[in-house]
Amino acid sequence: MLDFRGNKLFITDTILRDAHQSQAATRMKVEDMLPACDILDSIGYWSLECWGGATFDACMRFLGEDPWERLRVLRKALPNTRLQMLLRGQNLLGYRHYADDVVDAFCRKSIENGIDVVRIFDALNDVRNMEQSIKCVKKYGGIAETALSYTVCPVHDENYFVAKARELEQLGADVICIKDMANLLLPDVAYSLVARLKESVDLPIHLHTHNTTGTGSMVYYAAAMAGVDIVDCALSPFANGTSQPATESMVAAMDSTSRRTGLDLSRLAEASRHFRTVADKMENEGLISSKVLRTDPNTLIYQVPGGMLSNLISQLKQAGAEDKFEQVLQEVPAVREDFGFPPLVTPTSQIVGTQAVFNVLLGRYKSFTKESKALLRGEYGMLPGYVNEDVRKLAIGNDAPITCRPADLIEPELNLIQEEHHLICKSEEDVLNCALFPQVAPEFLANRDNIEIHEVTVEWNGIVSR
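Everything numeric here is computed off the predicted structure, so don't read it as measured data. (Residues numbered from 1 in each chain as written. Predicted model: local features only at pLDDT ≥ 70, side-chain atom pairs only at ≥ 80, totals over all residues. Heavy atoms only, no water.)

K.L.:
Any chance you could break down the overall build of the protein chain for me, citing the residues and the numbers?
P.N.:
The secondary structure content of the protein chain amounts to 21 helices and 10 strands. The C-alpha atoms of the protein chain give a radius of gyration of 21 Å, which matches the 23 Å a tight globule of 466 residues would have. Once the C-alpha set of the protein chain is aligned to its principal axes, its extents read approximately 60 × 55 × 45 Å. Looking at the protein chain residue by residue over its 466 residues, the buried ones come to 59%. Partitioning the contacts of the protein chain with sequence separation of at least 6, the portion at a separation of at least 24 is 76%. (Helix = DSSP H or I, 4+ residues; strand = E, 2+ residues; numbered from the N terminus. Rg over C-alpha atoms; globule rule 2.2 N^0.38 Å. Buried < 20%, exposed > 50% of the residue type's maximum accessible area, 1.4 Å probe, protein only. Contact = heavy atoms within 4.5 Å.)

Structure below.
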């Protein structure tokens, strides 16, 4: 039973996941985390976000780490703190919808290996794409924190988000999260939305934002005054810019109010001293760009999250068209409107962004990516607003859009994946790796026992991480 009685403001720290995903392309290694785990475990956070999102891909593709082993090591190192992960609903941690049996197995193994809180979101806020994850997380004893992907447009007003929260409550959610991935939520709107949600659902409200536009701390303060229960912060070495507001600053600011956090600034400072050395090392290695440390109020105009922004720059650089950057930024809102106003979060941010690049370089809707076609066909779920039917017809011709829950069209697939990769899979976790990342996982698993370049063995308090 979650107890949120009293006036305390709870903190989730993202230092082990979203903070370095936002600033350092998810390149923090487990060896950089372990020395701080004793102090992190003693601070008294509501939870530590440490897994999910892009960590899976980055662990296998770049760091030579088994993501499941990372979780097990962190679970042992943080026995007194809830561990939290980010899950993309029916997409899990990949970029397509998976069959219900894969979702069930992934939720079960995540909780068995140490996850307590699963933040479940869908890029389109299509609750049908969250049903199976919610059901499975609760079945296996986890806390189902369901997220509303926040965005600003004619479709996404306050009534929209309140209605979605009520639907999620009916599906069995334990916590409602407002997921403001691009820092578009402004303080007065945050106050009003949190107050409405507190009146409308009988669940704790958790707020996640970044400081991309420079308003993150103000948004948290306003939300705290409206009664929000939990906010996401990051220890200062990896805070602000495209990351979350700084934990220490938030704790200090709230100490003189009725919403004290109860966290000790001296303990936070001790943890921060360790992560400052990690941040300095990563900056020297070229893993942290000064661009991710800045605030950019233009995000309020174009609504492009930090990760999407870096993808656009990369695509234009590869095409030798960096001079078209401003045109692409202006094209993004137009594509988004034509596509029915999807929130810009993985994977829809990449889909809309790439289509905007195509439109600028090749001519408007002269060519569509396969992902754009899939989005307009309904393979990702129901688009929130009205789709430009002329654009949809150019993309998918006379095909009828999908109107059912997309996963209803996917046959069970876990056994087939297991059979296909039985030579390299030693566990159910390995099979799930292959299911989610079929291009990356088989090579990683085949070479797992003889990794030379990336593998580092860390011994810490009796825990061995490879």
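Having seen the model, we can carry on.
K.L.:
Give me a nonpolar patch on the surface: which residues, what numbers.
P.N.:
A cluster of nonpolar side chains, L186, V189, L300 and I301, forms an exposed patch at the surface whose accessible area comes to about 300 Å². Looking at where V189 falls in the secondary structure, it is placed in helix α9 (residues 187-200). Overall, V189 belongs to the partly exposed group, its relative accessible area being 32%. (Patch = residues over 30% accessible without salt bridge, like charges linked within 9 Å, V, L, I, M, F, W, Y side chains within 5 Å. Areas by Shrake-Rupley, 256 points an atom, 1.4 Å probe, with all protein chains shown as cover. Salt bridge = Lys/Arg side-chain N within 4 Å of Asp/Glu carboxyl O.)

K.L.:
Tell me about the environment of C425, and please be specific about residues and values.
P.N.:
Summarising the element assignment, C425 is placed in the loop between α19 (414-420) and α20 (428-436). By relative accessible area, C425 is classed as buried at 15%. Each C-alpha atom, one on C425 and one on G141, is 26 Å from the other, the two residues being 284 residues apart in sequence. Dropping the residues within four chain positions of it, C425 is found in contact with D430, V431, C434 and L445.

K.L.:
Tell me about the sheet that holds strand β7 (residues 205-208), residues and numbers included.
P.N.:
Pairing in this closed barrel of 8 strands is parallel, and the strands run β1-β2-β3-β4-β5-β6-β7-β8 around the ring. Within the sheet, the average angular offset between the axes of one strand and its neighbour, ignoring direction, is 30°. Two elements, strand β4 (residues 117-120) and strand β5 (residues 143-149), share 4 bridges in a ladder whose sense is parallel. Looking at β5, one finds that V117 is bridged to I143. Against the sheet, helix α5 (residues 67-77) touches β2 (47-52) and β3 (83-87), its axis set at about 165° to β2. Strands β2 and β3 of the sheet are contacted by helix α6 (residues 100-112), whose axis makes an angle of about 160° with β3. (Pairing = 2+ DSSP bridges. Axes fitted to C-alpha atoms, helices over the stretch in contact; angles between N-to-C directions.)

K.L.:
Go over the pattern of salt bridges with me, naming the residues and quoting the values.
P.N.:
Going through the model one piece at a time under the given rule, you end up with 31 salt bridges. Of the charged contacts in the structure, one is a salt bridge between R61 and D57, with a shortest N-O distance of 2.9 Å. Within this pair, R61 and its partner D57 are both found in helix α4 (residues 55-63), separated by 4 residues, close to a single helical turn. Assessed through its relative accessible area of 13%, D57 is described here as buried. The salt bridge partner of D100 is R405, with a shortest N-O separation of 2.6 Å. With D100 in helix α6 and R405 in the loop between α18 (389-396) and α19, this pair connects stretches of sequence that are 305 residues apart. Residue D100 is classed as partly exposed on the basis of its relative accessible area, which comes to 25%. Given the relative accessible area of 11%, R405 is considered buried. Each of R108, K109, E112, E428 and E429 takes part in one network of salt bridges that share partners.

K.L.:
Report on the packing of helix α8 (residues 158-170) against α9, specifying residues and quantitative values.
P.N.:
It is at 10 Å that the axes of α8 and α9 come closest, and there the two elements cross at 35°. For α8 against α9, the interelement crossing comes out right-handed. Side by side, α8 and α9 meet where E158, N159, F161, V162, A165, R166 and E169 of the first sit next to S192, L193, R196, L197 and S200 of the second. Residue composition of the contact of α8 with α9, grouped by class: 5 nonpolar, 3 polar and 4 charged. (Left-handed = near helix turned anticlockwise from the far one by under 90°. Nonpolar A, V, L, I, M, F, W, Y, C, P; charged D, E, K, R; others polar.)

K.L.:
Summarise the side chain of T146; cite the residues concerned and give the values.
P.N.:
For T146, the location among the structural elements is in strand β5. Assessed through its relative accessible area of 0%, T146 is described here as buried. Once you skip the residues sitting within four places of it in the chain, T146 turns out to touch I120, M130, I134, L168, A173, V175, I176 and C177.

K.L.:
Break down helix α10 (residues 216-226) for me, with residues and values.
P.N.:
Inspection of α10 places G216, V219, Y220, A222, A223, A224 and A226 among the buried residues, and these make up the whole buried set. Turning to α10, the residues buried within the fold contact α9, β7, β8 (230-233) and α11 (247-254). Just downstream of α10 lies G227, where phi reads positive at about 105°.

K.L.:
Tell me about the packing of aromatic side chains, residues and numbers included.
P.N.:
Aromatic ring pairs: the centre-centre distance and the angle between the two ring planes describe each pair. Tallying each qualifying case throughout the model produces 13 aromatic pairs. Ring centres of F4 and W46 lie 6.0 Å apart, and the angle between their planes is 40°; on these two criteria the pair is classed as tilted. Of the two residues, F4 is situated in the segment before β1 (10-13) and W46 in the loop between α3 (37-43) and β2; the sequence distance between them amounts to 42 residues. Relative accessible area serves as the criterion here: at 15%, F4 is assigned to the buried category. The class for W46 is buried, based on a relative accessible area of 4%. Judged by centre distance (5.5 Å) and plane angle (10°), the ring pair of Y365 and F368 falls under stacked. Each member of the pair Y365 and F368 is classed as buried. Sitting over the face of the ring of F121, K179 holds its NZ or CZ atom 4.8 Å from the ring centroid. (Phe/Tyr/Trp six-rings, centres within 6.5 Å; stacked < 30°, edge-to-face > 60°. Lys NZ or Arg CZ within 6 Å of the ring centre and 35° of its normal.)

K.L.:
Break down the side chain of R405 for me, with residues and values.
P.N.:
Among the polar contacts made by the side chain of R405, one reaches the side chain of Q90 at a distance of 3.5 Å. If we skip the residues at most four places from it in the chain, R405 touches Q90, D100, R128, N129 and Q132. (Polar contact = N/O pair within 3.5 Å; in protein donor to acceptor, adjacent residues only side chain to side chain.)

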